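# A closer look at the structure
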Amino acid sequence: YGAKILTVILTVLVATIWVLVSPYDSIERTSIILYALYIMVYSYSDALYGELQKKWRLDKAGISMCIRNIAALAAFCILIGLTKNIRIALIIMLVVSLAVLFGYDLPQTKQIVDIRPDFSGKRTWKLLKECFPYAIYTFLHTLVLTAPKLAVRGYFDKDTLGIYSAVMAPVT
């Protein structure tokens, strides 16, 4: 559990640094960072689901996923439709995810299992060491899938790049 929290925080930090040094405009930067924060909250909930799974209580995780995904999708769609502002929609999606985390995930998980993370234990560092090759593989796999889009980014406008991404998404 502690290892998951450490890797989630590290991932968001690296993503934020990458976005800040990349040639994105302000709308793209804030959108990517907001989405990374949304994924961070989701990943934290996923760590709680792992703790629930150990106690055979995936029903709680399923309820959480249904609430979060339906509410986040509805909020995103409604706000995009009303405001035409991706950043506002992502902020509300993040707020919905945080509401599910603090209003459902944490209270439900605390009733079933002690969720105090251990960052100092040998098990945490052993797990991080054992999973490091998989993390490298996942990074390289994602890079291979993303590199073409990053390469053509400088040659196309945003609309054309959006079409390219939509066409390539099913392939990757």
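Coordinates for the structure precede this section.
Below, the structure is looked at part by part. (Residues numbered from 1 in each chain as written. Predicted model: local features only at pLDDT ≥ 70, side-chain atom pairs only at ≥ 80, totals over all residues. Heavy atoms only, no water.)

Time to look at the overall build of the chain. A count of helices and strands for the chain gives six helices and zero strands. The order of helices and strands in the chain, counted from the N terminus, is α-α-α-α-α-α. For the chain, the spread of C-alpha atoms along the three principal axes comes to 50 × 40 × 30 Å. Counting only residues that meet the buried cut, the chain has 28% of its 172 residues in that class. In the chain, 69% of the contacts between residues at least 6 apart in sequence involve partners at least 24 apart. About 11400 Å² of surface is accessible on the chain, with carbon and sulfur atoms providing 72% of the total. (Helix = DSSP H or I, 4+ residues; strand = E, 2+ residues; numbered from the N terminus. Buried < 20%, exposed > 50% of the residue type's maximum accessible area, 1.4 Å probe, protein only. Contact = heavy atoms within 4.5 Å. Areas by Shrake-Rupley, 256 points an atom, 1.4 Å probe, with all protein chains shown as cover.)

Most peptide bonds take the trans form, and the phi angle of most residues other than glycine is negative. At W56, a position not held by glycine, the phi torsion is positive, near 60°. By the secondary structure assignment, W56 is in the loop between helix 2 (26–54) and helix 3 (58–83). Even without being glycine, K84 reaches a positive phi, approximately 60°. The topology assignment puts K84 in the loop between helix 3 and helix 4 (86–112).

Enumeration over the complete set of coordinates arrives at six salt bridges. Salt-bridge contacts for K4 lead to D46; the nearest nitrogen and oxygen are separated by 3.3 Å. With a gap of 42 residues between them, K4 in helix 1 (residues 2–21) and D46 in helix 2 connect regions that are remote in the sequence. D46 gets classed as partly exposed once you look at its relative accessible area, which sits at 33%. A salt bridge links K54 to E51; its shortest N-O distance comes to 3.2 Å. Here K54 and its partner E51 are both found in helix 2, three residues apart, which amounts to about one turn of the helix. (Salt bridge = Lys/Arg side-chain N within 4 Å of Asp/Glu carboxyl O.)

Here the focus is helix 5 (residues 122–152). For helix 5, which comprises 31 residues, the first-to-last C-alpha distance of 44 Å matches the rise-based estimate of 45 Å (1.5 Å per residue) to within 8%. Of all the bends in helix 5, the largest measures some 45° and sits at F132, one to four residues before the proline P133. (Expected span 1.5 Å × (residues − 1). Bend = angle between axes of the 7 residues up to and from the residue.)

Within the structure shown, the criterion is met by two aromatic pairs. With centroids separated by 6.1 Å and ring planes inclined at 35°, the aromatic side chains of Y134 and Y137 adopt a geometry described as tilted. Placement of both Y134 and Y137 in helix 5 is noted, with a separation of three residues, approximately one turn of the helix. With relative accessibility at 57%, the residue Y134 sits in the exposed group. (Phe/Tyr/Trp six-rings, centres within 6.5 Å; stacked < 30°, edge-to-face > 60°.)

Describing two packed helices takes the angle between their axes plus the distance from one axis to the other. Remark: helix 2 packs on helix 3, axes separated minimally by 8 Å, with the N-to-C direction vectors making an angle of 160°. Relative to helix 3, helix 2 is oriented roughly antiparallel. Every pair of crossing elements has a handedness; the one defined by helix 2 and helix 3 is left-handed. Where helix 2 approaches helix 3, its residues Y38, V41, Y42, S45, Y49, L52 and Q53 are matched on the opposing element by L58, K60, A61, S64, M65, R68, N69 and A72. Residues that form the contact of helix 2 with helix 3 fall into these classes: nine nonpolar, four polar and two charged. (Axes fitted to C-alpha atoms, helices over the stretch in contact; angles between N-to-C directions. Parallel < 35°, antiparallel > 145°, perpendicular 65-115°, else oblique. Left-handed = near helix turned anticlockwise from the far one by under 90°. Nonpolar A, V, L, I, M, F, W, Y, C, P; charged D, E, K, R; others polar.)

This paragraph deals with the side chain of R68. Examined against the element boundaries, R68 turns out to sit in helix 3. Overall, R68 belongs to the buried group, its relative accessible area being 0%. Ignoring any residue separated from it by four or fewer positions in sequence, one finds R68 in contact with Y38, V41, Y42, S45, Y49, V96, S97, V100, L101 and D105.

It is worth stressing that arrangement in space is one thing and function is another; only the former is reported here.
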